[in-house]
Each structure stands twice: as C-alpha cells, then as structure tokens.
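# Descriptive structure summary
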There are 2 protein chains.
Amino acid sequence: MQTKNHITDTICALATPSGIGAIAVIRLSGPEAITICNSCFFGKDLTQVDTHTIHFGTVRDGDRIVDEVLVSVFRDKKSFTGENAVEISTHGSPYIQQQVLQLLLKNGAKSAGQGEFTLRAFLNGKLDLSQAEAVADVIASNSEASLQLAMQQMRGGFSSEIQKLREELIHFASLIELELDFGEEDVEFANRDDLKQLVVKLQTKLIHLINSFNLGNVIKNGVPVAIVGEPNVGKSTLLNALLNEERAIVSDIAGTTRDTIEDEIVISGISFRFIDTAGLRDTKDAIESMGIKKSFEKIDEASVVLLLVDASTISENQLMADVKNIEDRIEGKNKRLVVIANKVDKANQAVISDKFNRVKHVLFVSAKDKLNIEAIKEQLFNYVNSGALNQNDVIVTNARHYEALTQANEFLTKVLDGLDINITGDFLAMDIRQSLHYLGLITGDISTDDLLDNIFSKFCIGK
Amino acid sequence: MQTKNHITDTICALATPSGIGAIAVIRLSGPEAITICNSCFFGKDLTQVDTHTIHFGTVRDGDRIVDEVLVSVFRDKKSFTGENAVEISTHGSPYIQQQVLQLLLKNGAKSAGQGEFTLRAFLNGKLDLSQAEAVADVIASNSEASLQLAMQQMRGGFSSEIQKLREELIHFASLIELELDFGEEDVEFANRDDLKQLVVKLQTKLIHLINSFNLGNVIKNGVPVAIVGEPNVGKSTLLNALLNEERAIVSDIAGTTRDTIEDEIVISGISFRFIDTAGLRDTKDAIESMGIKKSFEKIDEASVVLLLVDASTISENQLMADVKNIEDRIEGKNKRLVVIANKVDKANQAVISDKFNRVKHVLFVSAKDKLNIEAIKEQLFNYVNSGALNQNDVIVTNARHYEALTQANEFLTKVLDGLDINITGDFLAMDIRQSLHYLGLITGDISTDDLLDNIFSKFCIGK
C-alpha cells in the first residue's frame with residue numbers, strides 16, 4: 001500500500017462491467033495518465049488540451065488501429081482521484097478492451113488493484129475514509145433506502161458529524177496536555193465540569209450512532225424476515241403472494257437488469273429478505289418434520305417474524321402457546337412478531353375474532369385469494385419506519401465504523417469514571433487520546449496500511 | 001422506423017454492459033437531449049456549455065439525490081449520432097442505472113430501440129449503411145483479424161470502393177437515359193465499347209469482392225475445423241493439446257474477461273473453431289460407432305479438415321482410401337485437407353515415412369507428447385493466410401452485402417449480354433439501374449424501412 005507521498009505510478013483498469021456492450025470505459029490515473037494515453041492516441045495532442053474536455057481519435061499500436069475512441073481528459077486536482085486522469089471510451093468488445101489495456105501497460109501504466117482509484121482519491125485528500133468507503137456502498141446499493149444511506153455518507157454527512165465531535169474533544173485534550181507541561185504546578189486549563197459536560201454530550205451522540213447501526217445494517221443488507229408456522233398453514237402460498245406481486249411491479253427498462261435477489265421484496269425503497277425460504281417453495285407446503293419450536297434458528301436470524309397460522313383450524317390454546325414461545329425467544333431483541341391469521345375465507349368470522357382476541361399485531365388474510373397481503377407489507381415497512389429512518393438522522397451502516405464508535409465510547413466512559421475519582425490529567429489525556437484515535441479511524445485522519453488494504457480490497461477493480 | 005426528417009424525439013439507454021461495475025454510462029440523443037438531462041442535473045446549466053465538455057454534478061428527482069455523476073455534452077453535428085447527445089457517467093449500480101433512466105423517461109425521453117443510436121448516425125449522414133453495420137461487427141469482434149476487417153469497414157474502406165464503382169456506372173446510366181430523350185433520333189452519347197469496358201472492369205471487382213466473402217465470413221466467425229479419424233487414433237488428446245496450449249497463453253488482465261469460446265483457438269489473430277468437438281472430449285476416445293465415412297457431415301461444414309490417423313498401425317491402403325474419400329468429398333470446395341500422422345513415438349521412423357510417402361500435406365506428431373503441435377497451427381494459419389487476407393484487400397464479411405453484390409453482378413452480366421446483341425438503350429438502362437440499385441443498398445444510398453429495421457434489430461440496445 002502506498003501513501004500520498006509515493007504516488008509516482010499510473011494505474012489503469014476497465015471501469016465498466018465486463019462483457020459486451022455498446023461502449024466500455026477504461027480509466028487511467030496517475031502523473032503520467034495523459035502522456036501514456038497520448039502515446040497511443042492519434043487525433044489530437046492530449047497534453048495540450050483543457051481539463052474536462054472530450055476528444056475523438058484512434059488508439060493505435062504502431063500502424064495498427066485498435067479502435068476509434070473518445071478520450072476524456074481530467075487534470076490534477078480536478079479529477080475524481082485528485083491527479084491526472086483519462087477515461088477512454090471504446091467500442092464495447094471485450095477483445096478491444098483487452099487490446100487497449102495491454103497497450104496502456106506496454107506504454108508504462110500498471111494494472112489497478114481493487115479500489116485503487118478511490119484509494120488515491122482518499123490519499124490525495126479528495127474524500128475522507130468514510131466517504132471513500134461509501135463509494136462501494138453506493139455501487140452495491142439495490143434499494144432506495146440503501147442508496148440514500150450510502151449517498152449521504154459519500155457526500156460527507158456521517159464524517160462531518162464525527163469530525164465535529166472529534167474537534168471539540170481535541171480542544172480539551174490539548175488543554176489537558178498543556179497542564180501536563182506545567183508539571184507540579186497544579187494548574188487546570190481544562191475546566192473539569194465543562195469536560196464532563198462535553199463527554200456526556202459526546203456519548204449521547206455516539207450511543208445514538210451506535211444504536212443506529214442495527215437499523216442501518218438491515219437497511220443496507222435487507223431486513224431479514226422469517227415466516228414460521230405449522231405444515232399446511234400456507235407458508236409457500238403466502239410467500240408467493242408477497243413475491244409475485246412485487247415481481248409484477250418491478251419495472252422493465254430495456255437494457256438494464258434489476259438485480260433481483262430471489263426471495264427479496266422492496267417496499268417503499270426498503271428491501272426485505274425472506275430467510276431460508278428456498279425449501280418453503282420447493283416443498284409446496286409438504287409435511288415438514290419440524291414444528292414451530294424447531295423454527296427458532298430462523299427466528300434468531302430475523303428482524304421480523306411472521307407467525308402464520310390456519311385461522312380456521314387452530315385452537316386458541318395452541319395459538320397462545322405459539323405466540324408465547326416466540327415472544328419469549330425474541331424478548332429484548334428489537335425484533336417484531338406479527339401474527340398472520342390465514343385462510344379466513346374458510347372460517348366463521350365471529351369464531352376467528354374470538355380466537356385471536358388476545359393477540360397483539362394480528363392480520364387476517366387469505367394468501368390463496370391474495371386478500372389483505374398489502375397489510376402485511378405495511379407491517380413490514382412500519383417495522384423500519386418506526387425506527388430512525390425518517391428522522392433525517394445520520395445512520396451507521398458500516399461494521400468498521402460501528403466497532404470504532406463503540407471503542408471510542410468505551411474510552412469516553414473511562415474518562416467519565418476518571419473525572420468522578422479525580423484522576424490525574426495524564427491519565428485523562430491518555431483516555432481522551434484513545435477515544436480520539438478511534439474516531440480518527442473512521443474518517444481516516446488516522447490510518448494504517450493494513451486498514452486501507454482491508455477496506456479497499458472489498459472494492460471492485462476499476463473503482 | 002423514422003427517417004431523417006422526422007427525428008423529433010430524444011432516446012436514452014444504458015450504453016455499458018448491464019451488471020455491477022465501477023461506472024455505468026447512460027446515453028441520450030435527440031433534439032432535447034441536453035435540455036432533458038439539464039432538467040434533472042444540478043451543478044451547472046448544461047444548455048450553456050460547449051460541446052465535448054464534461055461536468056460534475058448531481059442527478060436529482062425533486063429533492064432526492066439519485067447520484068453524483070459526470071455529464072459529457074455533445075452538440076449537433078459533432079456527436080456520434082449527428083444530433084445533440086449527452087452521456088451520463090453514473091456509479092455502476094444497476095439500481096442507480098434504473099433510477100436515472102426512469103427519471104429521463106419521466107422528463108420526456110423515450111427508451112432507445114436496438115441500434116437506434118447508430119441508426120440515427122446513419123439517418124443524419126454521419127455514417128453510410130455499411131459503416132453503420134460495421135459498428136456491430138466491431139463490438140462483436142473477438143480476434144485481431146475480425147476486428148481489423150470490421151474496423152476497415154467502419155472506417156469506410158468497403159463503402160468507398162463500392163461508391164466509386166457506383167459513380168462510374170451512374171455516369172453511363174445518365175448518358176444512356178439522355179439518349180432515350182432523343183427518342184427516334186438514334187444518337188449514342190454512351191459509347192458502347194467504353195460501357196462494355198467499364199462493365200467488365202466492374203465485374204472483375206465485384207467478383208473479387210464476392211469471392212472474398214467466403215474468407216471474410218470465416219475470419220469473422222472463426223474458421224471451422226474438423227478433426228476426423230477412426231476411434232482411438234487420439235482425437236481428444238490432439239484437441240486438448242491444441243486447446244490447452246492456447247488457454248495458457250491467453251493473457252489475464254484483471255477486470256476483463258476474454259470471451260473464450262469452448263473449442264476455439266486464436267492463431268496470429270485468426271480464430272479457428274473446432275466443429276462438434278464436445279463429444280470428442282467427453283468420450284475420451286471411446287469407441288465410436290461411426291467411421292470416417294460417417295464424418296462427412298463434419299467435413300461439409302469445415303474449411304479445414306484434419307484427418308488424424310494412428311501412424312503406428314494404419315496400413316498404406318487404408319490411409320490412401322481415407323484420403324481419397326475425403327478428397328473426393330471436398331473437391332472444388334475451397335477446403336483444405338491436412339493429414340496428421342499421430343503416435344509417431346510408437347512406430348519405426350522408416351516404416352512410417354514409407355507409408356505416408358504418397359500423401360500431400362502430412363504432419364508427423366505425437367499428441368500425447370505434444371510433439372509438433374506447433375506445425376498443425378502453422379498449417380491452420382496458412383490456410384487463411386494463403387487467401388486474400390494479407391494483401392490489404394477489401395474483404396466482404398456481411399451476408400447482406402454478399403447478396404447485393406451477387407445481384408448487382410448478375411444485372412451487369414445482363415448488360416453485357418445486351419451489349420452483345422445490340423439491345424436498345426431503354427433495356428440497357430433498366431439493367432444498369434437494377435445493378436445500381438443493389439450497389440446502393442450496400443451503402444444505404446437506397447434503403448427501405450424494412451431493410452433498416454432488419455439491420456438494426458441485430459444491434460444491442462444503447463448502440
């Protein structure tokens with residue numbers, strides 16, 4: 001891993017998905033990006049053109065014309081990476097892509113590693129680390145909610161919050177460290193009450209961010225939903241009713257493929273994943289060897305549990321036992337149970353009402369007739385919506401950030417404990433510095449090669 | 001299908017391969033391309049910027065930020081399509097691609113049909129029809145030879161040849177039609193001897209082009225090669241020796257996938273396809289129920305036939321019988337037979353030489369020991385190379401062009417026949433006009449909606 005001061009090489013990679021398309025884009029970045037491209041480009045002298053301009057010409061290997069291309073030139077600080085950059089738009093043949101890349105390598109470029117363009121943007125100060133990380137999330141986003149979270153983070157929403165907290169804390173750390181310079185003199189530049197107040201304020205914010213992670217994570221990866229119930233209650237019919245309706249509303253624009261994940265539905269921009277449902281639909285409600293108690297594994301993984309029962313046959317005792325079993329299991333775990341009373345078409349209305357009288361959150365549906373399926377979707381959406389999503393809050397979606405925030409918070413607790421027992425300034429300063437360290441890891445004010453390697457190795461090549 | 005005078009709408013499509021990548025490019029073309037893009041782009045007023053410039057900003061749907069993008073603006077005659085065009089470079093998430101496309105549709109663009117961008121380039125006079133057709137060939141090219149043929153055609157090599165022939169002929173047609181105006185006066189503006197000379201010259205060129213089609217077609221699609229032979233002569237071992245070596249030299253550049261076709265090798269930029277070889281490798285030389293005579297189907301499809309024999313066991317009589325069988329079958333068909341004497345390691349050198357004494361084109365190899373495999377590749381390459389490829393000739397690769405050239409040529413023959421029997425000018429003019437018609441179909445000087453529909457429906461969307 002190289003650092004800002006050592007970027008002397010120029011990298012290249014295919015930036016568009018591999019395969020055949022109308023066009024493909026090959027990216028170059030580095031001090032020699034323009035000159036390397038210029039050495040195999042005919043049509044104009046690219047070293048003389050303005051930044052952010054486009055030029056038509058041919059890529060040639062000696063006399064051999066490899067392709068007719070458009071070349072976009074970006075200079076220095078004005079490019080995404082903060083260094084000279086070129087994008088070559090070729091015809092979308094994999095053969096041509098390979099030929100152009102080989103030519104660039106021959107002319108002195110090197111193949112880019114995963115995320116190396118974004119890494120350079122970070123090293124050159126165009127993005128902080130959490131913004132750089134969000135670039136990968138933007139690309140991976142597959143629902144409106146996950147896109148908006150990633151976009152907010154990429155545009156700096158999350159970092160600026162952290163940055164502000166960190167600066168206030170640095171101020172106190174400096175004051176306390178100043179006290180240490182005076183050694184035995186027992187001066188107090190940093191008012192301990194003010195410090196305590198700040199730390200409490202910081203902790204409130206940190207804990208808020210930490211708590212948002214669970215929600216942020218499900219939004220990013222899809223809210224896990226489990227459908228549990230006895231055999232023959234209609235689990236597969238319900239699942240199909242939920243999924244098929246969704247499939248029908250996925251719009252088809254020619255030329256794009258919506259990455260549809262089997263067993264995922266998107267409701268108002270939030271995606272919900274049905275856990276372990278493959279078997280559900282394959283078996284077509286065949287007698288399963290496991291009852292509700294055996295479904296605990298699925299329940300543990302889920303954020304929302306749909307308990308599906310046959311409203312026409314279940315006894316009130318059985319119903320209440322099932323509900324209690326699940327409620328016991330999910331207690332205190334921020335999960336939600338919704339009881340779905342299926343097959344209402346088969347049973348007497350009054351009898352059913354009576355049976356389900358004592359159950360909270362019950363929906364009466366007929367999966368077969370697609371009756372009231374919309375209400376289930378509303379319940380799913382409400383689970384997320386009643387969280388922090390709509391309050392325009394900053395939400396943590398990244399496990400690394402969650403980890404760093406948790407660590408920072410722990411050291412703040414130590415600071416508070418220290419203040420309570422009038423610990424000496426040097427120990428206070430040490431805990432504050434630790435806390436600052438972890439906050440700095442998020443924005444990249446503090447970074448190590450290992451950390452950067454780890455982060456950018458999750459990127460695709462060309463980004 | 002619309003014509004030049006009726007392009008009032010603006011089309012949009014994804015131009016890069018679908019799927020996840022670092023970036024994706026969405027294309028707009030049409031009179032409103034810039035204004036439609038501008039209506040959802042924030043960062044700069046795109047209606048005020050110069051052609052061939054790039055602008056950073058956000059795509060927004062109302063207040064909602066869909067993505068941070070780079071927008072390339074191309075004005076009027078200076079774009080690929082010859083009309084206002086915009087390329088939006090987004091983050092490479094399929095979700096974002098879909099959102100941006102939906103937004104453009106909402107703002108008045110329509111989804112582009114297959115090849116509609118290139119069709120517009122043709123209708124707006126940026127490309128002639130054969131050049132437009134070559135765009136699809138450039139994208140589909142998967143070897144150096146197929147790329148060079150397509151590139152030559154796209155850059156106008158083929159059309160300019162046709163165009164020149166056509167103009168000379170038009171000159172004569174006009175003179176003859178002028179004669180007709182003078183009715184009974186029996187004038188001859190068009191010298192019949194000069195016309196005859198021109199037609200003969202034209203036919204020579206046309207026949208040359210027509211004859212190049214067979215070669216052009218195999219270069220474009222890969223030269224079909226058949227390996228035939230008795231069971232247990234080592235067909236699968238030979239095929240693997242040929243293919244494996246190739247696999248090893250295919251260079252791997254991270255981020256690109258070379259579209260490897262099973263059972264295809266590329267030698268000096270020309271691809272060779274082994275016909276019907278799947279079974280060969282699956283059966284691992286298992287006893288096959290069919291002998292050489294049953295291989296005629298494969299031989300009929302192939303341009304090169306490799307007759308593989310076991311040099312250590314075959315009798316001279318059997319060998320000569322097999323060779324004669326195949327030679328009879330391929331006679332006059334521009335195919336080549338190469339006899340491969342396999343398992344030379346197992347037999348006495350002198351005995352073998354003796355046996356194969358009367359066979360032309362024989363190669364002594366050991367497929368097992370990978371001995372002399374290179375010589376087989378040389379033979380394959382020579383088959384193509386001894387054709388027109390290296391003579392810098394214009395080569396016809398397109399079946400539609402082949403058809404039109406053949407028709408044009410037939411009518412020229414009628415013209416010659418007419419001249420021989422001193423046919424009247426009106427009949428001569430008719431045959432010349434027919435010939436001109438077919439030549440015009442190639443360049444698109446003459447085109448119909450059906451023809452254009454048919455051509456561009458083979459393109460991908462976004463091109």
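Residues numbered from 1 in each chain as written. Chains lettered and ligands numbered in written order. Predicted model: local features only at pLDDT ≥ 70, side-chain atom pairs only at ≥ 80, totals over all residues. Heavy atoms only, no water.

## With respect to the overall build of chain A
What chain A contains, in helices and strands, is 16 helices and 13 strands. Taking all 463 residues of chain A together, 56% fall into the buried category. Across chain A, contacts joining residues at least 24 apart in sequence account for 69% of those joining residues at least 6 apart. Total accessible area on chain A is roughly 19,900 Å²; 48% of this is exposed by carbon and sulfur atoms. (Helix = DSSP H or I, 4+ residues; strand = E, 2+ residues; numbered from the N terminus. Buried < 20%, exposed > 50% of the residue type's maximum accessible area, 1.4 Å probe, protein only. Contact = heavy atoms within 4.5 Å. Areas by Shrake-Rupley, 256 points an atom, 1.4 Å probe, with all protein chains shown as cover.)

## Some thoughts on unusual backbone geometry
Of note, the phi angle at A:Asn372 is positive, near 70°, even though the residue is not glycine. Exposure remark for A:Asn372: the relative accessible area of 36% places this residue in the partly exposed category. Here B:Asp76, not a glycine, exhibits a phi torsion of approximately 40°, which is positive. Inspection of the secondary structure assignment puts B:Asp76 in the loop between strand 5 (64-74) and strand 6 (85-91).

## Topic: the environment of A:Asp354
With respect to the helices and strands, the residue A:Asp354 is situated in helix 12 (residues 349-355). Separated by 38 residues in sequence, A:Asp354 and A:Glu316 place their C-alpha atoms 8.6 Å apart.

## Here's the deal with the state of the cysteines
This structure, assessed with the given rule, holds zero disulfides over all chains. Not part of a disulfide, A:Cys460 finds its nearest cysteine sulfur in A:Cys12, a span of 15 Å. (Disulfide = S-S within 2.5 Å.)

## Some details on the environment of A:Lys77
Residue and element names in this part refer to chain A. Position of Lys77 relative to the elements: it lies in the loop between strand 5 (64-74) and strand 6 (85-91). Assessed through its relative accessible area of 55%, Lys77 is described here as exposed. The spacing of Lys77 and Leu46 is 31 residues in sequence and 17 Å in space, taken between C-alpha atoms.

## Brief notes about the environment of B:Gln99
With respect to the element layout, B:Gln99 can be found in helix 2 (residues 94-106). Between the C-alpha atoms of B:Gln99 and B:Val59, which are 40 residues apart in sequence, the distance is 9.8 Å. Once residues within four sequence positions are removed from consideration, B:Gln99 is found in contact with A:Glu144, B:Arg64 and B:Val66.

## Some details on the interface of chain A and chain B
Listed by partner, the interface residues are 63 residues for chain A and 63 residues for chain B. Summed over both sides, the interface of chain A with chain B buries roughly 5,500 Å², with 63% coming from carbon and sulfur. Contact with chain B buries area across many residues of chain A, yet A:Pro17, A:Ile54 and A:Tyr95 alone supply 12% of it, more than any other trio. Summed over the shared surface of chain A and chain B, the result is four salt bridges. As a salt-bridge pair, B:Glu68 and A:Arg155 come within 2.8 Å of each other at their nearest N and O atoms. (Buried area = accessible area lost by both parts, 1.4 Å probe. Salt bridge = Lys/Arg side-chain N within 4 Å of Asp/Glu carboxyl O.)

## What about the relation of the copies chain A and chain B?
Once chain A is rotated about the relating axis by 180° and shifted along it by 0.0 Å, it coincides with chain B to within an RMSD of 0.1 Å. When the rotation and shift are considered jointly, the pair of chain copies conforms to a two-fold rotation axis. When C-alpha positions in chain A are compared against the rotation axis, the closest is assigned to A:Thr53, at 2.2 Å. A shared binding surface is used by both copies, with 100% of the interface residues of chain A retained as interface residues in chain B. (Least-squares fit on C-alpha atoms with pLDDT ≥ 70 in both.)

## Here's the deal with the pairing of strand 11 (residues 304-310) of chain A
Residue and element names in this part refer to chain A. Burial within strand 11 is extensive, with seven of its seven residues counted as buried. Of the two faces of strand 11, both are covered, the one formed by Val304, Leu306, Leu308 and Asp310 as well as the one formed by Val305, Leu307 and Val309. Strand direction decides the pairing type here: strand 8 (residues 223-228) and strand 11, joined by four bridges, are parallel. Across the sheet, Ile227 pairs through a bridge with Leu306, a residue of strand 11. Between the parallel elements strand 11 and strand 12 (residues 336-342), the chain passes through helix 11 (residues 316-330) in a crossover that is right-handed. (Pairing = 2+ DSSP bridges. Right-handed = clockwise from strand over helix to strand, strands pointing away.)

## Considering helix 13 (residues 373-385) of chain B
With 13 residues, helix 13 of chain B ought to run about 18 Å at 1.5 Å a step, and its terminal C-alpha atoms sit 19 Å apart, in line with that. Those residues of helix 13 of chain B not exposed but buried are B:Ile373, B:Ala375, B:Ile376, B:Lys377, B:Gln379, B:Leu380, B:Phe381, B:Tyr383 and B:Val384. (Expected span 1.5 Å × (residues − 1).)

## Comments concerning the sheet that holds strand 10 (residues 270-274) of chain A
Residues and elements named next belong to chain A. Spatially, six strands are ordered 9-10-8-11-12-13 in an open sheet, and the strand pairing comes out mixed. The open sheet has two edge strands with one neighbour each: strand 9 (264-267) and strand 13 (362-364). The average undirected angle you get between the axes of adjacent strands in this sheet is 25°. Across four bridges, strand 9 lies against strand 10 in antiparallel orientation. In the sheet register, Glu264 faces strand 10, and the bridge partner there is Arg273. On top of the sheet, helix 11 reaches strand 8, strand 11 and strand 12; it is set at about 160° to strand 12, its chief contact. (Axes fitted to C-alpha atoms, helices over the stretch in contact; angles between N-to-C directions.)

## Concerning the confidence of the model for chain A
Residue and element names in this part refer to chain A. Looking at chain A as a whole, its pLDDT mean stands at 84, while 88% of the residues score no less than 70. Taken together, the stretch residues 278-292 has pLDDT below 50 and engages in 30 contacts with residues farther than four places along the chain or on a different chain. The ipTM for the predicted assembly is 0.79, set against a pTM of 0.79. (pLDDT = per-residue confidence, 0-100.)

## Remarks on the side chain of A:Ser366
Residue and element names in this part refer to chain A. Examined against the element boundaries, Ser366 turns out to sit in the loop between strand 13 and helix 13 (373-385). Under the relative-accessibility criterion, Ser366 is labelled buried at 1%. With residues near it in sequence (within four places) discarded, Ser366 still touches Asn342, Lys343, Val344, Asp345 and Leu371.

## Thoughts on the sheet that holds strand 8 (residues 223-228) of chain B
Residue and element names in this part refer to chain B. Read across the open sheet, the six strands follow the order 9-10-8-11-12-13; overall the sheet is mixed. Both outer strands of the open sheet, strand 9 (264-267) and strand 13 (362-364), are each paired with one neighbouring strand and no more. Each neighbouring strand pair of the sheet contributes to a mean axis angle of 25°, computed without reference to strand direction. The strands touched by helix 11 (residues 316-330) are strand 8, strand 11 (304-310) and strand 12 (336-342); relative to strand 12, the strand with the most contacts, the crossing angle is about 160°.

## Brief notes about helix 15 (residues 425-443) of chain A
For helix 15 of chain A, spanning 19 residues, the distance from its first C-alpha to its last is 27 Å, which sits close to the expected 27 Å at 1.5 Å a residue. A:Gly444 sits one or two positions beyond helix 15 of chain A and adopts a positive phi of about 90°.

## Remarks on a nonpolar patch on the surface
All names here are of chain A. Where nonpolar side chains cluster on the molecular surface, the patch consists of Leu178, Phe182 and Phe189 and spans about 250 Å² of accessible area. Structurally, Phe189 is set in the loop between helix 6 (157-181) and helix 7 (192-221). When its relative accessible area of 38% is taken as the criterion, Phe189 is described as partly exposed. (Patch = residues over 30% accessible without salt bridge, like charges linked within 9 Å, V, L, I, M, F, W, Y side chains within 5 Å.)

## Considering the packing of aromatic side chains
Applying the stated rule across the entire model yields eight aromatic pairs over all chains. Measuring from centroid to centroid gives 5.5 Å for B:Phe356 and B:Phe364, while their planes differ by 80°, and the two rings are edge-to-face. You can call B:Phe356 buried: its relative accessible area is 3%. On the accessibility criterion, B:Phe364 (30% relative accessible area) is partly exposed. A ring pair is formed by B:Phe456 and B:Phe459, whose centres lie 5.1 Å apart and whose planes are at 40°; its orientation type is tilted. Given the relative accessible area of 2%, B:Phe456 is considered buried. For B:Phe459, a relative accessible area of 5% translates into the label buried. Over the aromatic face of A:Phe117 sits the side chain of A:Arg27, whose NZ or CZ is 5.5 Å from the ring centroid. (Phe/Tyr/Trp six-rings, centres within 6.5 Å; stacked < 30°, edge-to-face > 60°. Lys NZ or Arg CZ within 6 Å of the ring centre and 35° of its normal.)

## Examining the pairing of strand 1 (residues 11-14) of chain A
Residues and elements named next belong to chain A. Taking every second residue as pointing to the same face, both faces of strand 1 are buried, with Ile11 and Ala13 on one and Cys12 and Leu14 on the other. In this structure, strand 1 lies alongside strand 7 (residues 110-111), joined through two bridges in parallel fashion. Of the residues in strand 7, the one forming a bridge with Ile11 is Lys110. Taken together, the four bridges between strand 1 and strand 2 (residues 23-29) define a ladder with antiparallel strand orientation. Of the residues in strand 2, the one forming a bridge with Cys12 is Leu28.

## Points about the pattern of salt bridges
It is possible for side chains bearing opposite charge to pair when their charged atoms get close. Residues and elements named next belong to chain B. For the coordinates displayed, the defined rule picks out 44 salt bridges over all chains. Across the salt bridge formed by Glu179 and Arg192, the nearest N and O atoms sit 3.0 Å from each other. Remark: Arg192 occurs in helix 7 (residues 192-221) and Glu179 occurs in helix 6 (residues 157-181); sequence separation between them is 13 residues. A relative accessible area of 7% means that Glu179 is categorised as buried.

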